[in-house]
Amino acid sequence: QVARQVALAVDNALNFERAQAYQRQLAHERDRLRVLLEVNNAVVSKLDLHSLLNAISASLRRVIRHEYTSLALFEPDLNHMRMLALDFPQGKGLIREEMIVPLEGSITGKAFRNRQPLVLERAAMDEFISPTSHLLRDEGVRSVACMPLITHDRVLGTISLASLRDAAFQQGDVDLLVQVAGQVAIAVENALAFREIGELK
C-alpha cells in the first residue's frame, strides 16, 4: 500500500513537471510568434532602415539576449558592404554607422558570400582579419550571429546580432533570426526601391 502511494506521488510529481515544462514551451513559442508579428508590422510601416532596425532590435531583445544589432548592405559598384544602421547602446564607440566592411576577412562578408547563417564564438572570431572584425573584438563582443538578407535569389546584405557573453545564441535563436532576416530583406528591398524612385524623380 505504501509503495503504491509513493509510486502515485512520484507519478503525479512527474506529470506536474511535464505540464510545467509544456507551459513554459508554449509561452516561449508565443513570445517568438509575437516577435515575428512585431517585425512584420515594422517591415510594412517603416521605410527608414534606422527606425526599422531599432524596432526589430527592441522586439528581439525580449526573446534573445543581445547587446548589439547591425544592418550592413552590399554596395555592388564598390564591391564592399556598408554598416548602414547600428544599435549598440553599451558600445565604446569603436563600431560606427557608415563604416566600410570588406567582403574578404570579415564575418559579415563570409555570411554574405556563403548565403548561410554564421554563428561564432570568441575563438572563431579570431580567424577574421578585417578592421571591423578587430573592432568587434575590441568592443568586448564574445558571440556573433550573422544572417544574410536574401530576396528573389539576391543577397542584399546582412543583419547581425552580437553579445558580450559567451555562447549567447542557441539553435532556436538562429531559427528565429532566419525568419526575421527574410522579413528584413523584404523591407530593405522596398526601401532601396523607394530610394531609387526618389532619385529618379
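Remember, it's a predicted structure, so these values are computed and weren't measured experimentally.

Chemist: Report on the nonpolar core, specifying residues and quantitative values.
Modeler: Core analysis: the biggest nonpolar cluster contains 35 residues, and Leu60, Leu71, Leu149 and Val188 have the highest contact counts within it. Residue assignment for this core shows that the elements contributing at least two residues are α1 (2–45), α2 (49–61), β1 (68–75), β2 (80–87), β5 (143–151), β6 (154–163) and α6 (171–200). In terms of residue count, the dominant contributor to this core is α6 (11 residues). The contact partners of leucine 149, leaving out residues within four places of it in the chain, are Leu71, Leu73, Arg154, Val155, Leu156, Gly157, Thr158, Ile159, Ala181, Val184, Ala185 and Val188. Counting 18 residues, the second largest nonpolar core, distinct from the first, contains Met99, Ile107, Val141 and Val144.

Chemist: So what's going on with the sheet that holds β5? Which residues, and what values?
Modeler: Taken in spatial order, the 6 strands line up as β3-β2-β1-β6-β5-β4 in an open sheet, and their pairing is antiparallel. In this open sheet, the two strands that pair with only one neighbour each are β3 (100–101) and β4 (118–121). Note: β1 against β2, 7 bridges, orientation antiparallel. The residue of β2 that forms the bridge with leucine 73 is arginine 82. This element, α2, spans β1, β2 and β6 of the sheet and lies at about 60° to β2.

Chemist: Residues and numbers for the side chain of threonine 151, please.
Modeler: Among the secondary structure elements, threonine 151 is positioned in strand β5. A residue is classified by how much of its surface remains accessible, and threonine 151, at 7% relative accessible area, is buried. Separated by 3.1 Å, the side chains of threonine 151 and histidine 152 make a polar contact.

Chemist: So what's going on with the pairing of β4? Residues and values would help.
Modeler: Because side chains alternate across β4, one face comprises the buried residues Leu118 and Leu120, and the other comprises Val119 and Glu121, none of which is buried. Both β4 and β5 contribute to a ladder of 4 bridges, which runs antiparallel. When the bridges of β5 are listed, glutamate 121 appears paired with serine 143.

Chemist: Describe the packing of aromatic side chains, listing the residues and the values that go with them.
Modeler: Enumeration according to the criterion identifies 2 aromatic pairs in this entry. Between tyrosine 68 and phenylalanine 88, the aromatic rings sit 5.1 Å apart at their centres with planes inclined by 80°, giving edge-to-face as the arrangement. Pair noted here: tyrosine 68 is in strand β1 and phenylalanine 88 is in the loop between β2 and β3, with a separation of 20 residues, a long-range link. By the burial criterion, tyrosine 68 is buried, and phenylalanine 88 matches it. Here the aromatic rings of phenylalanine 74 and phenylalanine 112 are separated by 4.7 Å at their centres, their planes lie at 40°, and the arrangement is tilted. Pair noted here: phenylalanine 74 is in strand β1 and phenylalanine 112 is in helix α3 (residues 107–114), with a separation of 38 residues, a long-range link. Accessibility expressed as a relative area gives 22% for phenylalanine 74, which makes it partly exposed. Given the relative accessible area of 10%, phenylalanine 112 is considered buried.

Chemist: Account for empty space enclosed by the protein, naming residues and giving values.
Modeler: Taking a probe equal in size to a water molecule and rolling it over the atoms shows the remaining empty space. Taken as a whole and assessed by the stated rule, the structure comprises 1 cavity of 30 Å³ or more. Considered as a void within the structure, the largest cavity measures approximately 140 Å³ in volume. Surrounding the largest cavity, 16 residues form its lining, Tyr68, Met83, Ile107, Thr108 and Leu136 being those nearest its centre. Sorting the residues of the lining of the largest cavity by element identifies β1, α3, α5 (131–138), β5 and β6 as the ones contributing at least two each.

Criteria and cut-off values
Residues numbered from 1 in each chain as written. Predicted model: local features only at pLDDT ≥ 70, side-chain atom pairs only at ≥ 80, totals over all residues. Heavy atoms only, no water. Core = buried A, V, L, I, M, F, W, Y, C linked by side-chain atoms within 4.5 Å. Buried < 20%, exposed > 50% of the residue type's maximum accessible area, 1.4 Å probe, protein only. Helix = DSSP H or I, 4+ residues; strand = E, 2+ residues; numbered from the N terminus. Contact = heavy atoms within 4.5 Å. Pairing = 2+ DSSP bridges. Axes fitted to C-alpha atoms, helices over the stretch in contact; angles between N-to-C directions. Polar contact = N/O pair within 3.5 Å; in protein donor to acceptor, adjacent residues only side chain to side chain. Phe/Tyr/Trp six-rings, centres within 6.5 Å; stacked < 30°, edge-to-face > 60°. 1 Å grid on protein atoms, 1.4 Å probe; cavity = no way out; pocket = protein on both sides within 12 Å on 5 of 7 lines; lining within 4 Å. Points joined across faces, edges and corners; volume = space filled by probe spheres on them.

Without other data, these values stay purely geometric and don't point to any function.
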